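Architecture at a glance
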Amino acid sequence: MKILKRILVILVLIAVAIFAALRINAVQREHVVLKEYHFRHREIPQGFNGYRILAVSDLHEAPFAEQIALHIKKTEPDIVVFTGDMNRLPDDSVRETVKLRELVKDIPMYAVSGNHERQNYNYYEIIAVMKAFGITPLENDGVWLENREDKILLIGAEDPNKDNISAEDRDRVKSKITEELPEEPCFSILLFHRAGMYPDIKDTGVDLILAGDIHGGVARLPFIGGIFGNSRTKKYFPDYDYGMFREGDGAAMIVNGGCDKDDKKKRYFNPPEVVLVTLESE
């Protein structure tokens, strides 16, 4: 009888713990958090020491524009970048992105496409809307950022626009990136949506990659990380789910957990986030 009571007590405690965890998680899903990284590199010029980049990824029209705007106003980044999937297929609306632009008018913003933009029939209209509201699209293009008489290069690589990416598609993405790099050495940042393609793009010559797509693995477990990937790369337990990665002498990559809010694909122990990257010269 005593053993039965102990088992019942343990089961009750487990049930209470699970209920409490789920309640905490439900609250977390409603609040965008700020994740900070400091990135040091020998090619970062002194004029960009302390330069701040706030990255937004995988917003998917989630109603978080006001919260993201508060993070921007609090941290005062030098630029804001979007690393794809601002809309959600099959819709083409980017109202939340435009709303964020209207809430924060005085900071330069740059964007690159994700698969939800590229696979949308109104892809060019989406790009046109962003441009009309003062968000600069970087689709296989680059722009020099200047600060205190120094400059660095910001490149955006267009999404491949397919789920099954061939070797030719991968080579095409790599060539588009390398075409934007100058002959003389400089610090360069690449905006590219698909974190899973890191092995293909890490040796293109860029120094830092800002990516998204995996949503942090949707559900995250302690000591394990993200559970869900996608059919385009790795369906379960993706290799590049979240955080900073660096392999060999290639570029470092920071993978954004994203800001999506989808009742059909709820995030567990993985709150929506924006990323603040502070550059540091050596």
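In what follows, the structure referred to is the one given above.
Let me sum up the structure you'll find in this document. (Residues numbered from 1 in each chain as written. Predicted model: local features only at pLDDT ≥ 70, side-chain atom pairs only at ≥ 80, totals over all residues. Heavy atoms only, no water.)

Focus on the pattern of salt bridges
How we decide: The salt bridge criterion pairs a side-chain nitrogen of Lys or Arg with a carboxyl oxygen of Asp or Glu, the two atoms within 4 Å. Where helices and strands are cited, they refer to DSSP runs of H or I of at least four residues and of E of at least two residues respectively, numbered from the N terminus.
The full count for this structure, using the stated rule, is 14 salt bridges. Here R118 and E158 are joined by a salt bridge, their closest N and O atoms 3.7 Å apart. Here E158 lies in the loop between strand 7 (150-156) and helix 6 (167-179) and R118 lies in helix 4 (residues 115-118), a separation of 40 residues in the sequence. The network of salt bridges with shared partners includes K162, D169 and R172.

Examining the sheet that holds strand 1 (residues 33-41)
Paired through their backbone hydrogen bonds, the strands of a sheet run either parallel or antiparallel. Test applied: Any two strands with at least two DSSP-identified bridges between them are counted as paired. The axes are straight lines fitted to the C-alpha atoms, using for helices just the contacting stretch, and the angles between their N-to-C directions are given from 0 to 180°. In this analysis, two residues are considered to be in contact whenever any of their non-hydrogen atoms come within 4.5 Å of each other.
With respect to topology, 6 strands assemble into an open sheet ordered 1-14-2-3-4-5, the strand pairing being mixed. Looking at which strands have only one partner, the edges of the open sheet turn out to be strand 1 and strand 5 (135-137). Put simply, the sheet's adjacent strands are angled 25 degrees from each other on average, direction ignored. Two elements, strand 2 (residues 52-56) and strand 14 (residues 273-281), share 4 bridges in a ladder whose sense is antiparallel. Each residue of the ladder has a partner; that of A55, found in strand 14, is V275. On the sheet, helix 2 (residues 65-75) packs against strand 1, strand 2, strand 3 (79-83) and strand 14 and is oriented at approximately 175 degrees with respect to strand 2.

Some thoughts on unusual backbone geometry
Cis geometry marks the peptide bond from L89 to P90, where omega comes out at 5 degrees. If you check the backbone angles, V218 has positive phi at about 65 degrees while not being a glycine. Relative to the helices and strands, V218 resides in the loop between strand 9 (208-212) and strand 10 (220-221). In the Ramachandran plot, F269 falls in the positive-phi region, its phi being about 55 degrees despite a non-glycine side chain. Here F269 is to be found in the loop between strand 13 (252-255) and strand 14.

What to know about helix 3 (residues 95-103)
Definition in use: The buried label applies to any residue whose accessible area, calculated with a 1.4 Å probe on protein chains only, is under 20% of its type's maximum; exposed applies above 50%, and partly exposed to all values in between.
Buried within helix 3 are the following residues: E96, T97, V98, L100 and R101. Looking at the packing, one finds that the buried side of helix 3 touches helix 2, strand 3, strand 4 (109-112), helix 5 (123-132) and strand 5.

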